[in-house]
Amino acid sequence: MSVTESRIPTTAKYTPPLQSERVFRILVEGVRDYAIFLLDPVGNVASWNPGAERIKGYTAQEIIGTNFSNFYPQVDRDAGKPEYELKVAAETGRFEDEGWRIRKDGSRFWASVVITRVCDENGKLIGYGKITRDLTERRIAEQRYRLLVEGVSDYAIYSLDVNGNVTSWNAGAQRIKGYNDFEILGKHFSSFYTPEDAAAGMPAKVLQTAADTGHFEGEGWRMRKDGTRFWSSVVVTPIRNDEGILIGFSKITRDVTDRKKLLDQIQKHAEELELRIAEREQTNAELEAFSYSVSHDLRAPLRAIEGFTQAFIEDYGKDVPEQGLEYLSEVTAASKRMNRLVQDLLNFSRLGRIHFEMQPVRVAEMAQEAIKQLSEGREFVHVRDLDHLRAVAHPQTLVQAVSNLVSNALKFVSPEKTPEVVVSAERIGECVRISVKDNGIGIASEHQEKIFQVFERLHGQEQFPGTGIGLAIVKRGIQRMGGRVGLQSKPGEGSTFWVELPEAAENV
Ligand code: ADP
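Residues numbered from 1 in each chain as written. Predicted model: local features only at pLDDT ≥ 70, side-chain atom pairs only at ≥ 80, totals over all residues. Heavy atoms only, no water.

(A) Molecular detail of the site of the ligand. Residues in contact with the ligand amount to 20 residues; listed here are only the nearest, Asn408, Asp438, Arg457, Gly468 and Leu471. Here an oxygen atom of the ligand and a side-chain polar atom of asparagine 408 are 2.7 Å apart. Relative to its free-state accessible area of 530 Å², the ligand is covered by the protein chains to the extent of 98%. In a pocket analysis with a 2 Å cut-off to the grid points, the ligand is assigned to the largest pocket. At the level of elements, helix H14 (395–411), helix H15 (470–480) and strand S17 (495–502) are the ones that each hand at least two residues to the shell around the ligand. Looking at the shell around the ligand element by element, the count peaks at three residues for H14. (Near = heavy atom within 4 Å. Polar contact = N/O pair within 3.5 Å; in protein donor to acceptor, adjacent residues only side chain to side chain. Areas by Shrake-Rupley, 256 points an atom, 1.4 Å probe, with all protein chains shown as cover. 1 Å grid on protein atoms, 1.4 Å probe; cavity = no way out; pocket = protein on both sides within 12 Å on 5 of 7 lines; lining within 4 Å. Sits in = over half its atoms within 2 Å of the grid points. Helix = DSSP H or I, 4+ residues; strand = E, 2+ residues; numbered from the N terminus.)

(B) Looking closely at the packing of aromatic side chains. Taken as a whole, this structure holds 16 aromatic pairs when the rule is applied. Between phenylalanine 37 and tryptophan 48 the ring centres are 5.0 Å apart and the planes differ by 50°, which places this aromatic pair in the tilted class. In this pair, phenylalanine 37 sits in strand S1 (residues 34–39) while tryptophan 48 sits in strand S2 (residues 45–48), placing the two residues 11 residues apart along the sequence. Grouping residues by exposure puts phenylalanine 37 and tryptophan 48 together as buried. Ring geometry for tryptophan 100 and tryptophan 110: centres 5.0 Å apart, planes at 80°, overall edge-to-face. A residue pair is termed long-range when its members are at least 10 positions apart, and tryptophan 100 in strand S3 (residues 94–102) and tryptophan 110 in strand S4 (residues 108–119) qualify at 10 residues. (Phe/Tyr/Trp six-rings, centres within 6.5 Å; stacked < 30°, edge-to-face > 60°. Buried < 20%, exposed > 50% of the residue type's maximum accessible area, 1.4 Å probe, protein only.)

(C) View of the layout of surface pockets. Size it by volume and the largest pocket reaches roughly 1100 Å³. Along the walls of the largest pocket sit 39 residues, with Asn404, Ser407, Asn408, Lys411 and Pro465 positioned nearest its centre. If you list the elements that add at least two residues to the lining of the largest pocket, you get helix H12 (322–353), H14, H15 and S17. Top element by residues in the lining of the largest pocket is H14. It accounts for nine residues. In the lining of the largest pocket, the residues fall into 15 nonpolar, 17 polar and seven charged. (Points joined across faces, edges and corners; volume = space filled by probe spheres on them. Nonpolar A, V, L, I, M, F, W, Y, C, P; charged D, E, K, R; others polar.)

In structure tokens:
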């Protein structure tokens, strides 16, 4: 029986009838992705399918009868690889390999090869069946992947077997951890952990979590070969085979010590800052308490000065010369002014201390109440567009703020003008803005911010009397209620001061 007529290797005992051999031949002829061919006992090609023609480039006519060693690169031929493969197949029944092979046009392809021994009924070797597959694309992809992983130096990328022993090691791993691959391959990965973490069973926990949940991610201190520590960011992923059985883990580690140091520094700064803020708050609170009690205590002697001056004038005024009475009235005026100052300071200081009970309020009612508190000039104040608007506020504080703004609007007007003040309100986004517009002297833009500070005044007492605390009270009160203050003004063209507070729901 010639080799070409021999049976294709099949399982023993079964002798296919002629009919099924024909079917089998048709099958082999139809295969295009595999080169399937037969060799005689010395390796000469005895049959050739279209797949073989497609992959290797030879027609059946060209190749049958020539030796299969032509498919091997010269180095392999020189090394006796083709003969060796046949020898192994003859002795063991089978030889499997992956390697470079040569096409007719001289180009290479990466082949996956299975050579199977073919014997006759008496067990005599009559040739070999050979199946070759072109895996060049897969090989290129694998190599590209390997090059990629090996070339990465910012990340340690390595793999572990199921027990946690290192099975692959890239350049990044070497750079970050300091071990060469020959030093670490086969060793357990727990040597990367700090003694404390290793003793606490961290390595096993990490692998367990990755195996159970499909992923482990974490940060922590790790050890380099030289014993130094680095802060690492780690991702561990389990590797499973096609049957889903765990066969190892891949591990990506990054040295993020610099980031950690930076974060630690920021954290430290934040803590220091918080400490300083707390200290400052404490100092502020003490100062507030101090100024409150001083202001409070000042009122009693002031009342005494006013009271006794008054009593003196009543009892002895007739014996005092005109000039003396004038002096006394200066004393009374000065103590009255000081009383107002103390009163304003107390109000200002109280705003920093009290707890605000916020509630929905009708803006119209607040404005009316503020105007009612004015000692004079009410007839010059007009109210517009306040209906239906509601804000969330602490009523007394809002009334005081509007009242301060309206009294300023009446006060800072040149003497030859009749004051004209309009209080209005509008909805801006989710807030209600209450505006107080006047026809007064106006304020230059460079002063517009500082006038909200305590004791900041732009005029002398003779021109426009005041304590310089009114706007500071407005600002502190509104801000403590979660609102904002502001103004638009030009010298000589009047001013519009405004306060904004959150709008309250409709059903107030
Ligand atoms: P006071 O009114 O007691 O002086 P304020 O804190 O209320 O203190 O105001 C600070 C300063 O801001 C005033 O002295 C004045 O110079 C300026 N100012 C406030 N309101 C107006 C206004 N409506 N028009 C012009 N200037 C104003």
